[in-house]
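These are the residues of each chain, in order.
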Amino acid sequence: MSKSSEDCHVVEGKLALPYQYFAGRTGSRFLISLRDEKKIMGIRCETCDTVFVPPRQTCERCFSDISDNWVALGNKGTVTGYTIIRYEEPHQPVKPPYILAQIKLDGADTPITHIIKGMPLSKIKTGARVKAIFAKKPTSSIRDIEYFRPSDDRPAFELGYTYDELEVGMSASFTKTISESDVYLFAGISGDFNPMHLNEEFAKLTPFGTRIAHGALPQSLIAPVLGMKLPGLGTVIPEITVRFRKPTYFGDTITATGEIIEMIEKRRWVRMELRWTNQKEELVAEGSCLAIPPMPMGK
Amino acid sequence: MKKNRNVGIIGVGQSVYSSHREEVNQPEMIHEAIVEALDQAGITMDEVDCIVHGNMELFEMVHQPDLWHTIGSGAYGKECMRVTTGGTTGATLCCAADYLVASGLHDIVVAVGFEKLQEGHTTGGITNMADPLWARQLQTGALTGMTAEAMINEFGEDRAKRASMKYRIMMDKHAMKNEKAHRRLGLELDQTDDLMVNSPALVGELRMIHMCSQSDGACAMVFASPEKARALCERPAWFKDHITVHREESFYVFGDAPVLMTHKYAAQKLFARNSITDPKEQIDVFEMYDPSSWWGLDWLREFLLLENDEHLKMVENDEIAIDGKFPVNPSGGVIASNPIGATAMVRVGEAALQIMGKAGDRQVPGDVKTALASGFGGTLWTVLTLLTKDEPESGK
């Protein structure tokens, strides 16, 4: 039999069916507590000694009506299972990759499913402690918990990534437009009043034809990356090398990027590749540094 | 029909039917019906062996609702199966429960049908079932004016319209006696002329007032082995027989000749094998799946194997009233309440309640020994169920 599909017509169609879902009595109370009080509520079955989250009207096990046995739960919990979503579809709640996890809240016996952010994908593990981050704008849905992030079982001071949390390939960047006033302030800060930077008539006679920023000015934009993002707060930089490739003109927008290229296990330092680019994607400077990531507090 | 053992209906539970049940989610709504059915049967969920669950496929855009309705249905740790046969789902659930008990697999089975039409898009869902090549871009969901047209041609415009509207108003008077019914409009016969002209026209002479509602609701029923039924229930409603008949997927799409209606075919077969020669005499009450008052009126002739205008006369002479000679839909029927996945089960459930003597204000006068219930679905699909007060010989 011929399998040719020549002259075989296909009827293209699309059925978009709108729907609603009523949350029900227990579901509604859960959502309202979440929205108005930022409180996560469960329901206890006394017979089965089980606290259900999400809450439900009846205990599925003994079929008794438990809809009045509300208990307030903490907003911290433990990951009991997880997966990493890497493919992309329009229906997804956030852009992949992201962690989808089963989280058993403190005081509950059943886990709920939610998103975990603020944790390197490779570091998620069963048993991880996480806390709920509530949405700034209420949505009256389960996304009133916007996501979970690693729980601050750390002390009060916020820290960047520790050595164990870092891995090769992690990167971060910072972008800023360099204005004339930045250059004049930098001249004051450094004491470098080189007419290359401050005297337009002089600068017209140079190969650049106009004033340019001090090289150290764009270079300094790597500081917020290293000290505040990656590895982040508490980082020490014992060595940094830079090779300048292009001048920075007034009004240029410079992006400084750092990427971890080597884990120096012996010293628990990392080596990072550094790059500075302008708004035309031109390489302004490149280099590398050593970074000492923040130590966990108390050590 | 050869049967391993008899099956008795010992409990019927229904949620309130309404166009809007925002206060409950699906499991909570189902739970209302389940609890009432168990209460009436005088049992707890512990004594139930199996749950049969059903609704229209994807009407609420929910996949495998039987699984996550467990919280409301009580199916945790029990046998559970899902049945979905379109509009007949509720009646097919009863058939499935009958088979499960009659076979000896289970002693007590609970069946539950539900729909929450407010949450979905009924006409979209129904359009989806039409043949994608020949009919889907043309059809008008569940609405059709063909029967009105045919009846007007056969009986004249005035008589046909009046009979159809009288049927409608009588059904509303029945619904007024059923506190769970969705539409209880308080219609009176002197509104006939007004409604015939002023009710919004939908398709041809099918008007808004003729058409069934879109309801939220659930119905649950308890089916028991003969030993359990006798022990638990003073007066169970016994399955005497049921028959399922269906044919092509779209009306007349593959030919323009009038087809033999599945209703009539089912009735002929069912009556023949149960020695029913005069259905109007031998059957005490009929719960019919009547999606519109045109269909309800027309189908009386099909189901009761009537001729000429006998069915119109039944309506014109008030025979189908609760206290009439042949009561039809004491519950108010589908025109009053239509939670689709439950609708056909409500027919069987209401027929059972009449036999059990538990139909409350809508109980028909006299001893109900035999009751008939019909289910209807897309597009020509009939389930016809015969229940009796006396335990059938065939299954003993």
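Before reading on, note that the structure itself is shown above.
This report concerns the structure included in the present document.

## Thoughts on the overall build of chain B
From N to C terminus, chain B includes 15 helices and 11 strands. A compact globule built from 396 residues would reach a C-alpha radius of gyration of about 21 Å, and chain B, at 20 Å, matches this within 12%. With the principal axes as the frame, chain B shows a C-alpha extent of 55 × 45 × 40 Å. Of the contacts made within chain B by residues no fewer than 6 positions apart, 80% connect residues no fewer than 24 positions apart.

## Digging into the interface of chain B and chain A
Listed by partner, the interface residues are 26 residues for chain B and 19 residues for chain A. The set of elements that each furnish at least two residues to the side of chain B that touches chain A consists of α1 (26-41), α3 (70-73) and α5 (122-128) of chain B. When its residues are assigned to classes, the side of chain B that touches chain A shows eight nonpolar, 11 polar and seven charged.

## Some remarks on helix α10 (residues 262-273) of chain B
Residues and elements named next belong to chain B. Helix length check: α10, at 12 residues, gives a terminal C-alpha distance of 17 Å against a target of 16 Å (1.5 Å per residue), a fit within 8%. Those residues of α10 not exposed but buried are T262, H263, A266, A267, L270 and F271. Looking straight down α10, one finds its buried side chains confined to an arc of 145°; they lie on one side. Every exposed residue of α10 that faces more than 90 degrees away from the buried side is listed here: A272 and R273. The secondary structure elements touched by the buried residues of α10 are β8 (237-246), α11 (279-282), α12 (293-303), β10 (370-377) and β11 (381-388).

## Considering the packing of helix α6 (residues 146-155) of chain B against helix α7 (residues 157-175) of chain B
For any two helices packed against each other, one specifies the inter-axial angle together with the distance between the axes. All names here are of chain B. For the pair α6 and α7, the least separation of the axes is 7 Å and the interaxial angle reads 130°. Relative to α7, the element α6 lies oblique. α6 and α7 meet at a crossing whose hand is right-handed. Residue-level inspection shows M151, I152 and F155 of α6 in contact with α7, the latter providing E157, R159 and A160. A per-class count over the contact of α6 with α7 returns four nonpolar, no polar and two charged.

What counts, and where the lines are drawn
Along each chain, the written sequence defines residue order, and numbers are assigned to residues from 1. Here every chain gets a letter starting at A, and every ligand a number starting at 1, in the order they are written. With the structure being a predicted model, the display of local features is reserved for residues of pLDDT at least 70 and the display and counting of side-chain atom pairs for 80 or more, all residues being used for whole-chain, interface and lining totals. Numbering of helices and strands runs from the N terminus, with a helix taken as a DSSP run of H or I at least four residues long and a strand as a DSSP run of E at least two residues long. The globule rule used here is 2.2 Å times the number of residues to the 0.38 power, and the radius of gyration it is set against is calculated over C-alpha atoms. Contacts are defined on C-beta atoms placed from the backbone: any two residues whose C-beta positions lie within 7 Å are in contact. Amino acids outside the nonpolar list (Ala, Val, Leu, Ile, Met, Phe, Trp, Tyr, Cys, Pro) and the charged list (Asp, Glu, Lys, Arg) are all regarded as polar, and Gly is one of them. Here the expected span of a helix is defined as 1.5 Å times the quantity of residues minus one. The exposure scheme places C-beta atoms from the backbone and then counts, for each residue, the other C-beta atoms within 10 Å of its own, assigning buried at 20 or more, exposed at 12 or fewer, and partly exposed in between. What the arc covers is the set of directions going from the helix axis to the C-beta atoms. All axes are obtained by fitting lines to C-alpha atoms, using only the stretch in contact for helices, and the reported angles, taken between N-to-C directions, cover 0 to 180 degrees. Roughly parallel refers to an angle under 35 degrees, roughly antiparallel to one over 145, roughly perpendicular to one between 65 and 115, and oblique to any angle outside these ranges. When the near helix sits turned anticlockwise from the far one by under a right angle, the crossing is termed left-handed; a clockwise turn instead gives a right-handed crossing.

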